[in-house]
Amino acid sequence: MKMYIRAATCISAQKTFESDGFLTDFIEYTGTRLKPIEPDYSKYIDIKLARRMSHVIKMGVAAAKQCLANAEIEMPGAIITGTAFGCMEDTVTFLTRIVELNEEMLPPTAFIQSTHNTVAAQIALMLKCHNYNNNFVHKGISFESAIQDAWMLLNEDDANDILVGGIDEMVDTSFKVLTRLGLYKRWPVSNLQLFNTPTSGTIGGEGAAFFLLNNKPSADNLAEFNGFKTFYGAYESEALEQQINDFLSEQGLDISTIDLVITGRNGDTQNDAIYNNLIIFKNKAQANYKHLSGEYSVSSSFALWLASNIIKEGTVPEVVMYGDINNQSPKTVLIYNHYQAKYHSLMLVSAC
Amino acid sequence: MSSDVYIAGLGAITAIGNNVAECFAALQNERAGMGPITAMNTIHRDKIPVAEVKLSNEELAKMGGLSAELSRTALLSMVAVREAISDAAIADLDKLRVGFISANTVGGMDKSEDFFVEFLADNSKGKLKDVYDHECGSMTEVVAVALGISNQMTTISTACSSSANAIFYGARMIKNGLLDVVIAGGADALAKFTLNGFNTLMILDKAFCKPFDENREGLNLGEGAGYVVLVSDQVAKTLNKKPYCKLSGYNNSNDAYHQTASSPEGTGSYLAMQGALKKAGLQTSDISYINLHGTGTPNNDSAEGIAVKRLFEPDFPPMSSTKSYTGHTLGASGAVEAVFSILSIKHNMVFPNLRFETQMHELPFVPETELRTNLQINHVMSNSFGFGGNCTSLIFSKI
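All of these numbers come straight from a predicted model, not from anything done at the bench.

Asks: Whenever I open this one, the overall build of chain A confuses me. Can you help?
Replies: A tally of regular secondary structure across chain A gives 11 helices and 13 strands. In terms of overall size, chain A behaves like a compact globule, its C-alpha atoms giving a radius of gyration of 19 Å where 352 residues would be expected to give roughly 20 Å. Viewed in the frame of its principal axes, chain A has a C-alpha envelope of about 65 × 50 × 35 Å. The buried share of chain A, reckoned over its 352 residues, is 57%.

Below, the structure written as structure tokens:
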């Protein structure tokens, strides 16, 4: 079975959503947290509804609707989302009120919208879509699980034109807690210098990326989604290379046939060493993306958006290039991301 | 692709029992698990009944072999997972491709809400270990690591249909040839967050809930965990005992009506039940028992009832909501009720719907009010519907 990426949209800290250029005009930030560029939500959501919606719902709904528009699909065969933290803003709001109001006279809206499946549900509600609707909440592979579900639906011939998204929001509270847990750098850093300042910690991010996946070949498709794989645990370089080689050979490929590797380097010394130590990547053209998106649990959805567009546009934006080897017009792109050295994800996309 | 998926093991822990045998005994003896709140520190303590698992975190931790400092959701999950694996007794499990697909709705919220009190007063305060496992995925990860499962694990959260979706996602992983064995289900512990959340929606009954009764006044929150061990055709042949049944049908449809309320005509429920029948290749007349979602809220039971009426009329199979025993265990409910549905097939029984008195005016049927035995139970439908319009029906079939 073949799976294609018909459309891809991404709301991020860069001009990835409502922009004609492909990362030609990029933004420098200094700090330890990247915030998304907000689109004009009134184009996607009734203003009265939007007023009650948290940031993640708005991002998710806008990215999803634009993805369907780009794909020229009115009604997706299924809606599947991945989100590690779900609706943090509403969760924090409701938790705060429980404490501050001592459990009395609480307004229900924040609770109603705090449910982890809210974004997928709101998309279904707006489209009046009664089809399959699922939501995965598994840390660094939440998005990959959604892809897995879509792949199975296509393979089972139970649905087509499947809308898949990765969404997560960062709120002040989660940023403070995650900072205390040591995830982020202790000093402000320029995102464009992220890989030149190898210290402990990364920069936080958030975003929404949606994809329309189907099994129909078309000249309009962005790319073919050849395969994906996730695995868990701490891996030595050799064992990791074995996993990558096994994955590629399952796809009938080997590392020499990969034109570009997109890695999940995030500026944290220990995190990046895992990529740097892989000998099989040494002579490959490489690209990074987390200086643009920031680190978050479903950031691999940004990477997939990037890979799809690199293939469709036939160009690698200079701002993502890494290392000395260039491949200007890659046909086969491997994404390798790990989340906190525990959740590993491989995705392979190629020109149709 | 078309191979059957069998149920080889069961595990459950709820307010009516710490394992499947205890739950089964309570179901037959009409022993409900609700009572006053004893564990949570809340102003609702003496006002709202809940269905608590009757073990402390320390006791659960000891049974499951985990730290008592973890979220109660992870502790409940571990206990039921261990029971399910032990029940399946699959030889050479370590040589098979084993996955763990779990579900919950609020992750480690029971710990996070403790953290939050101190954190809110001073952002540099609050014990970080209480918030470290806040994510839903952490609940699954803790259990998977303890079991040594790294092939495949993931977590589903679709509100109250979460673990029903986990079960059929697991079955599909087997059907797609990706795994041989999947432990699938879900867990949720009581939390102030959910208690207050449902309370603000004014859908908590101040007395014990009365699902499908004309005078029902809401649901009782419960807690627990339920898991099934799903095996492929190939693995089923190697088992020392006959599998319980097979998962023959499943469907996930969305009501697409409102974030929390069900449509008056029960569109999502109807589509889920209809889709599950189609997947199983069955007619409504083939269904021997429906384990209803039956929360006891005016809205759910009306929508679900109308959907059942539209789909099954004029001949209705026996039906009941076992939430009248366990309360609504949220992310665990789909799997807990899957376990009860499978017990119904195994023992040819239909469990009663407790405290039912008055028929709902809009429905032409009433739920079962007494234990029925010596029936021929071939196919059981189990319904699970949630916020966000997420509706899932599963069908289990005798082999």
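More follows now that the structure is in view.
Asks: What is the right way to read the overall build of chain B from this model?
Replies: Helices and strands together make up the secondary structure of chain B, namely 12 helices and 12 strands. Against the globule reference of 21 Å for 399 residues, chain B gives a C-alpha radius of gyration of 20 Å, in line with a compact fold. By the burial criterion, 66% of the 399 residues in chain B qualify as buried. Considering only contacts in chain B between residues 6 or more positions apart, those separated by 24 or more positions represent 79%.

Asks: Can you walk me through the pairing of strand 12 (residues 390-397) of chain B in this structure?
Replies: Note on strand geometry: in a regular strand, side chains alternate between the two faces of the sheet. Residues and elements named next belong to chain B. Counting buried residues along strand 12, eight of its eight residues qualify, which places the element largely inside the surrounding structure. Where burial is concerned, the two faces of strand 12 agree: the one with Asn-390, Thr-392, Leu-394 and Phe-396 and the one with Cys-391, Ser-393, Ile-395 and Ser-397 are both buried. As paired elements, strand 11 (residues 379-385) and strand 12 share seven bridges and run antiparallel to each other. The residue of strand 12 that forms the bridge with Ser-382 is Leu-394. Turn length for the strand 11-strand 12 hairpin, with the two strands adjacent in sequence and antiparallel, is four residues, and the turn residue Gly-388 shows positive phi of about 80°.

Asks: What am I meant to see in the domain arrangement of chain B here?
Replies: A common way to state how big an interface is: give the accessible area lost once the parts meet. Residue and element names in this part refer to chain B. Under the domain assignment used here, chain B contains domain 1 (5-238) and domain 2 (247-397). On the domain 2 side, the residues contacting the 63 residues of domain 1 number 56 residues. Put simply, the parts of the chain that give the side of domain 1 that touches domain 2 at least two residues each are strand 1 (5-13), helix 1 (20-29), strand 2 (50-51), helix 6 (162-175), strand 5 (181-188), strand 6 (221-222) and strand 7 (224-232). Broken down by element, the side of domain 1 that touches domain 2 gets its largest block of residues, eight residues, from helix 6. Tallied by class, residues from the side of domain 1 that touches domain 2 come to 35 nonpolar, 20 polar and eight charged.

Asks: Help me out: how do you make sense of the interface of chain A and chain B in this one?
Replies: Between chain A and chain B, the contact holds 49 residues from the first and 49 residues from the second. Counting residues per element, the ones that place at least two in the side of chain A that touches chain B are helix 3 (88-100), helix 4 (109-114), helix 5 (118-127), strand 4 (132-136), helix 6 (142-156), helix 7 (172-180) and strand 8 (223-232) of chain A. Among the residues forming the side of chain A that touches chain B, the class breakdown is 25 nonpolar, 16 polar and eight charged.

Asks: What exactly am I supposed to notice about the packing of helix 3 (residues 72-88) of chain B against helix 5 (residues 136-147) of chain B here?
Replies: The description of two helices packed together rests on the angle between their axes and the distance between the axes. Residues and elements named next belong to chain B. At their nearest, the axes of helix 3 and helix 5 sit 9 Å apart, and the two run at 40° to each other. Viewed along their axes, helix 3 and helix 5 adopt a mutual orientation that is oblique. For helix 3 against helix 5, the interelement crossing comes out right-handed. Across the interface between the two elements, Thr-73, Ala-74, Ser-77, Met-78 and Val-81 of helix 3 pack against Met-139, Val-142, Val-143, Ala-146 and Leu-147 of helix 5. For the contact of helix 3 with helix 5, the per-class residue count stands at eight nonpolar, two polar and no charged.

Asks: How do you make sense of the confidence of the model for chain B when you look at a structure like this?
Replies: If pLDDT is low for a region, its predicted coordinates should not be looked at in detail. The predicted model of chain B has a mean per-residue pLDDT of 97, with 99% of residues at 70 or higher. As a predicted assembly, this complex carries a pTM of 0.98 together with an ipTM value of 0.98.

Asks: Would you mind showing me how to read helix 1 of chain B here?
Replies: Since one α-helical turn is 3.6 residues long, residues separated by three or four positions face the same way. All names here are of chain B. Of all the residues in helix 1, the buried ones are Val-20, Cys-23, Phe-24, Ala-26 and Leu-27. For helix 1, the buried positions fall inside an angular range of 165° around the axis, keeping them on one side. Exposed and facing more than 90 degrees away from the buried side of helix 1 are Ala-25 and Asn-29. After helix 1 finishes, the residue Glu-30 shows a positive phi value of roughly 55°.

Asks: Can you help me understand the nonpolar core in this one?
Replies: Grouped burial of nonpolar side chains is what soluble globular proteins tend to show. Judged by nonpolar contacts, the single largest core of 244 residues is most densely connected at Cys-67 and Ala-150 of chain A together with Ile-167, Val-228, Val-229, Leu-230 and Val-339 of chain B. Leu-230 of chain B has contacts with Val-5, Ile-7, Gly-170, Ala-171, Ile-174, Val-181, Val-182, Ala-184 and Leu-247 of chain B, leaving out every residue within four places of it along the chain.

Asks: What should I look at first to understand the environment of Ser-102 of chain B in this one?
Replies: Residues and elements named next belong to chain B. Tracing the backbone through its elements, the reader meets Ser-102 in strand 3 (residues 98-103). Judged by the 35 C-beta atoms lying within 10 Å of it, Ser-102 is buried. For the pair formed by Ser-102 and Leu-394, sequence separation is 292 residues and the distance between their alpha carbons is 16 Å. Ser-102 has contacts with Ser-77, Met-139, Thr-140, Val-143, Thr-155, Ala-166, Gly-185, Gly-186 and Ala-187, leaving out every residue within four places of it along the chain.

Asks: Can you walk me through the pairing of strand 3 (residues 78-82) of chain A in this structure?
Replies: All names here are of chain A. Of all five residues making up strand 3, five are buried, and the element is well covered by its neighbours. Of the two faces of strand 3, the one carrying Ala-78, Ile-80 and Gly-82 and the one carrying Ile-79 and Thr-81 are both buried. One ladder, built from five bridges, connects strand 3 with strand 4; its direction is parallel. The residue bridging Ile-80 from the neighbouring strand is Asn-134, located in strand 4. Judged from the five bridges that link them, strand 3 and strand 5 (residues 162-168) form a sheet pairing that is parallel. Note on strand 5: the bridge partner recorded for Ile-80 is Val-164.

Asks: Help me understand helix 10 (residues 298-312) of chain B in this model?
Replies: For helix 10 of chain B, built from 15 residues, the straight-helix expectation of 21 Å at 1.5 Å per residue is met to within 8% by its first-to-last C-alpha distance of 21 Å. Buried within helix 10 of chain B we find Asn-300, Asp-301, Ser-302, Ala-303, Glu-304, Gly-305, Ile-306, Ala-307 and Val-308 of chain B.

Asks: Any chance you could explain the domain arrangement of chain A here in plain terms?
Replies: All names here are of chain A. What the domain assignment lists for chain A is domain 1 (4-214) and domain 2 (225-350). Each partner contributes residues to the interface: domain 1 has 47 residues there, and domain 2 has 40 residues. For the side of domain 1 that touches domain 2, the elements supplying multiple residues, two or more each, are strand 1 (4-11), helix 6, strand 5 and strand 7 (207-214). Looking at the side of domain 1 that touches domain 2 residue by residue, the classes come out as 24 nonpolar, 18 polar and five charged.

Here is what the cut-offs are and how they apply
Residues numbered from 1 in each chain as written. Chains lettered and ligands numbered in written order. Predicted model: local features only at pLDDT ≥ 70, side-chain atom pairs only at ≥ 80, totals over all residues. Helix = DSSP H or I, 4+ residues; strand = E, 2+ residues; numbered from the N terminus. Rg over C-alpha atoms; globule rule 2.2 N^0.38 Å. Buried ≥ 20, exposed ≤ 12 C-beta atoms within 10 Å, placed from the backbone. Contact = placed C-beta atoms within 7 Å. Pairing = 2+ DSSP bridges. Domains from an automatic or database assignment. Nonpolar A, V, L, I, M, F, W, Y, C, P; charged D, E, K, R; others polar. Axes fitted to C-alpha atoms, helices over the stretch in contact; angles between N-to-C directions. Parallel < 35°, antiparallel > 145°, perpendicular 65-115°, else oblique. Left-handed = near helix turned anticlockwise from the far one by under 90°. pLDDT = per-residue confidence, 0-100. Arc of directions from axis to C-beta. Core = buried A, V, L, I, M, F, W, Y, C linked by C-beta atoms within 7 Å. Expected span 1.5 Å × (residues − 1).

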